[in-house]
Amino acid sequence: MRPIITLTTDFGLDDPFVGIMKGVMLRIAPEAELVDISHGIEPQNIRQAACVLQAAFSWFPQNTVHLLVVDPGVGGGRRPLAVKTGGHRFVAPDNGVLTPILDAAAARVYELTRPKYFLHPVSPTFHGRDVFAPAAAWLAGGTPLSKMGIRIHDPKTLDLPQPSFRRNILKGEIVHIDRFGNLMSNISAELLHRYFATQTDGLKIRVGGKPAGPMVDSYSRCQKGESGCILNSWGCLEVFCREAAAAKRFKSRVGGAITVTANRTGK
Amino acid sequence: MRPIITLTTDFGLDDPFVGIMKGVMLRIAPEAELVDISHGIEPQNIRQAACVLQAAFSWFPQNTVHLLVVDPGVGGGRRPLAVKTGGHRFVAPDNGVLTPILDAAAARVYELTRPKYFLHPVSPTFHGRDVFAPAAAWLAGGTPLSKMGIRIHDPKTLDLPQPSFRRNILKGEIVHIDRFGNLMSNISAELLHRYFATQTDGLKIRVGGKPAGPMVDSYSRCQKGESGCILNSWGCLEVFCREAAAAKRFKSRVGGAITVTANRTGK
Amino acid sequence: MRPIITLTTDFGLDDPFVGIMKGVMLRIAPEAELVDISHGIEPQNIRQAACVLQAAFSWFPQNTVHLLVVDPGVGGGRRPLAVKTGGHRFVAPDNGVLTPILDAAAARVYELTRPKYFLHPVSPTFHGRDVFAPAAAWLAGGTPLSKMGIRIHDPKTLDLPQPSFRRNILKGEIVHIDRFGNLMSNISAELLHRYFATQTDGLKIRVGGKPAGPMVDSYSRCQKGESGCILNSWGCLEVFCREAAAAKRFKSRVGGAITVTANRTGK
């Protein structure tokens, strides 16, 4: 079976940077299968990359190597990392982009310290090419993590936004807006059920203070253009407009508030 | 030989959806070769996806599996389909996106009914991941269509626009505008020849009522910026401006009229 | 080892053209590994494609076939070429796009003249599909160049902009602006060292007449939003703004002037 390497960057697809990294990886691991997850991360948006990572990695086969290069600190002091956890491996700068998978107690984190596995000279501006892509390829080709660096225990993590529950209001935020304009929140099905039991049809959901449509179990329950709420494919609360863009309707941005209350008057 | 799966969706490349489908497929069919056709279909534009399918599929090797996910009815009642025809296989929602290949009398159409070939739980919002990508991968891996569902005979088809010929005017429409701004019509070379014999240099072509340049056999016959007409790589009439965008010049949109008349006065 | 074919075009990723070329190549060379470098070249911008080629090709393994289709002269008289040099092979129209690799004295250039290796009928509008993709696939599959055409010695080359040094001013220009808004110049590290010795901290760099920040050895030496200059991953002078877009700051375009002088008063 061919080893798989996924790629997630903020490089876009117009510049040759992604292609160059692929060339480098195929020189080191000719048998690797290279799969793009996204190169459309906003420049330097570590948080967005972490969100995409969390949504995507677990759908790949065990032993996949996930390469993430969103690296505003390139050439500075930030460490290059490789991590093994849950049967997957990850290569990325130590800037918090790996936060979602570092939560796992079992994560083994290494700083990539062995110059033998870099391209030389290492440029100050493109560690994707000179440090991270080679590391991903060596890993995919079978080089053990422990040979490529030293174990560390203090990787940087982000304070990813967490929902809160106060005065009967569950408050989360928009963590991703997709191409369709759907508003994906960080409010999981599990949280909804914890605070509002198992019935979701009595919930009142607001986006930036504006009321959204009812909780449904299929987009098709709403009329075209109407808004509704659904538990989406990430297992989280999503606000949508059927065959339209909720982001436009609600003038929303990532980070905007989504609140849930039980729809009972007089309580 | 590795089995090939092509992908055509309206997911764009910024969100992780396409990558997630690829991960799912590589878990089921690790040997599959995944080839993107387009993920730039306008959200929910079934007609555009059908047009892209028609232009692209036959250039792939026999036995290729073509996965199309443009699916405004996801989670509702529309059926998931797999079709075998002309040595190719297709997986898509039953919303008309497969119209161009359903015309063939020999098409064998199946509704995907066997939950065994889905991912579970099936989310209400992303059947690309849970239903269609798995089906494409099982097919590519050798599972026969007949095992995955039941034969049906009433798949949904679109009324794709057909050219008409009345009062010596052949009237078609723009079915695709490409990145260069070329206007691709649904007027085939065969139609032109049927109504106007084999000489095309005496034809008068109009776009939205405005006269286009002459019929030529190479873009280079026109001066830079000038418009002309040509039989393009799809075997259809195309209006272009040399090294410029005809779509801008003629202020055209998909669906706009293109007419052809014989350029004879007094007739 | 699977043969590699890279793709660089101005086709974009929304239209099915790139997918169609891949289908054609996989019919001829099923074992080929297809790697996109860029399909975001501006329509008909041969110079930009040449720049991308120069930046990218050498990072791929020996024997890679590089397919470049930016082809404003399609269907006209320009010749289709295949070139072998430095262990790499290239397939492209004879319009100058291969200039960076034609400089090498050892380049062996062939005009693709053997119809046997084309798809028929050859359309007048899409030689990427009918001429260039097949040629790349035959090459990748092992067909020798000498079988596919005749040796020529007069391929077209572009006058790519060359830096000049007069009155103690080294003057180059912006040859590429990347997704981050970084301004990549054609002033190589070698040129800088030839004219200004090895010390770069005494240099004064201007973009379109406006002073840029100091020469540094890492983006992180500048404060967020501040501009600086660096020798980038292409070995050339680059003007950047840390975590911001220098192209916006300096209102720059490709072709704009970048000048370097020694920062000494009274000389």
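So, here's what we can say about the structure. Here the structure is a predicted model, which is why all the values come from computation and not from measurement.

**A few points about the overall build of chain A**
When helices and strands are tallied, chain A shows 7 helices and 15 strands. Among the 267 residues that make up chain A, the fraction classed as buried is 60%. Residue pairs at least 24 apart in sequence account for 66% of intrachain contacts in chain A once pairs closer than 6 positions are excluded. Accessible area for chain A stands at about 11,100 Å²; split by element, carbon and sulfur atoms hold 48% of it. Separation of charge centres in chain A, based on 32 positive and 22 negative side chains, amounts to 4 Å.

**Re the interface of chain A and chain B**
Facing 34 residues of chain A, the contacting portion of chain B comprises 34 residues. At the boundary of chain A with chain B, the tally comes to 1 salt bridge. For Glu33 of chain A, the salt bridge goes to Arg2 of chain B, with nearest N and O atoms at 3.0 Å. The interface formed by chain A and chain B contains 11 residue pairs in polar contact (both at pLDDT 80 or more). For the side of chain A that touches chain B, the elements supplying multiple residues, two or more each, are strand S2 (33-38), helix H2 (46-56), strand S9 (169-177) and strand S13 (227-231) of chain A. At 5 residues, the largest contribution of residues to the side of chain A that touches chain B is made by S2 of chain A. Grouping the amino acids of the side of chain A that touches chain B by side-chain chemistry returns 18 nonpolar, 9 polar and 7 charged.

**Observations regarding the packing of helix H1 (residues 17-28) of chain C against helix H4 (residues 127-140) of chain C**
Residue and element names in this part refer to chain C. Where H1 meets H4, the closest approach of the two axes is 9 Å, and the angle between their N-to-C directions is 40°. Relative to H4, the element H1 is oriented oblique. Crossing handedness for the pair H1 and H4: right-handed. Residues Ile20, Met21, Val24, Met25 and Ile28 of H1 form the contact with H4, whose own contacting residues are Gly128, Arg129, Ala133, Pro134, Ala136, Ala137 and Trp138.

**Focus on the interface of chain B and chain C**
Opposite the 34 residues of chain B that make contact, chain C presents 34 residues. Summed over both partners, the interface of chain B with chain C comes to about 2,700 Å²; 61% of that surface belongs to carbon and sulfur atoms. Area buried by chain B at its contact with chain C is led by Trp59, Arg179 and Phe180 of chain B, which between them contribute 29% of it. Put simply, chain B and chain C have 1 salt bridge between them. Counting across the chain B and chain C interface gives 11 residue pairs in polar contact (both at pLDDT 80 or more). Mapped by element, the contributors of at least two residues to the side of chain B that touches chain C are strand S2 (33-38), helix H2 (46-56), strand S9 (169-177) and strand S13 (227-231) of chain B. Looking at side-chain class alone, the side of chain B that touches chain C contains 18 nonpolar, 9 polar and 7 charged residues.

**Quick notes on the relation of the copies chain B and chain C**
Relative to chain C, chain B is turned by 120° and slid 0.0 Å along the rotation axis, the superposed coordinates differing by an RMSD of 0.0 Å. Here the copies are linked by what is in effect a three-fold axis. Mapped onto chain C, only 12% of the interface residues of chain B are again interface residues, and the two copies thus contact each other with different surfaces.

**Some thoughts on helix H1 (residues 17-28) of chain B**
Residue and element names in this part refer to chain B. Relative to the 16 Å expected for 12 residues at 1.5 Å per residue, H1 spans 17 Å between its end C-alpha atoms, a close match to the ideal helical length. With respect to burial, H1 is a largely interior element, 10 of its 12 residues being buried. Of the positions making up H1, those classed as buried are Phe17, Val18, Gly19, Ile20, Met21, Lys22, Gly23, Val24, Met25 and Leu26.

**Some points on the relation of the copies chain A and chain B**
Aligned on chain B, chain A shows an RMSD of 0.0 Å; the corresponding rotation is 120° and the shift along the axis is 0.0 Å. Of the residues that chain A buries at the interface, just 12% are likewise interface residues in chain B, meaning the two copies contact each other through different surfaces.

**Observations regarding the pairing of strand S4 (residues 80-85) of chain A**
Residues and elements named next belong to chain A. Counting buried positions along S4 yields 5 of 6 residues, so the element is predominantly enclosed. Note that S4 and strand S5 (residues 88-93) share 6 bridges and pair antiparallel. If you follow Pro80 over to S5, its bridge partner there is Pro93. Turn length for the S4-S5 hairpin, with the two strands adjacent in sequence and antiparallel, is 2 residues, and the turn residue Gly86 shows positive phi of about 60°. Sheet topology places S4 next to strand S6 (residues 108-112); 4 bridges connect them, and they run antiparallel. Note on S6: the bridge partner recorded for Lys84 is Arg108.

Conventions used here
- Residues numbered from 1 in each chain as written.
- Chains lettered and ligands numbered in written order.
- Predicted model: local features only at pLDDT ≥ 70, side-chain atom pairs only at ≥ 80, totals over all residues.
- Heavy atoms only, no water.
- Helix = DSSP H or I, 4+ residues; strand = E, 2+ residues; numbered from the N terminus.
- Buried < 20%, exposed > 50% of the residue type's maximum accessible area, 1.4 Å probe, protein only.
- Contact = heavy atoms within 4.5 Å.
- Areas by Shrake-Rupley, 256 points an atom, 1.4 Å probe, with all protein chains shown as cover.
- Lys, Arg positive; Asp, Glu negative; His and termini not counted.
- Charge placed at Lys NZ, Arg CZ, Asp CG, Glu CD.
- Salt bridge = Lys/Arg side-chain N within 4 Å of Asp/Glu carboxyl O.
- Polar contact = N/O pair within 3.5 Å; in protein donor to acceptor, adjacent residues only side chain to side chain.
- Nonpolar A, V, L, I, M, F, W, Y, C, P; charged D, E, K, R; others polar.
- Axes fitted to C-alpha atoms, helices over the stretch in contact; angles between N-to-C directions.
- Parallel < 35°, antiparallel > 145°, perpendicular 65-115°, else oblique.
- Left-handed = near helix turned anticlockwise from the far one by under 90°.
- Buried area = accessible area lost by both parts, 1.4 Å probe.
- Least-squares fit on C-alpha atoms with pLDDT ≥ 70 in both.
- Expected span 1.5 Å × (residues − 1).
- Pairing = 2+ DSSP bridges.

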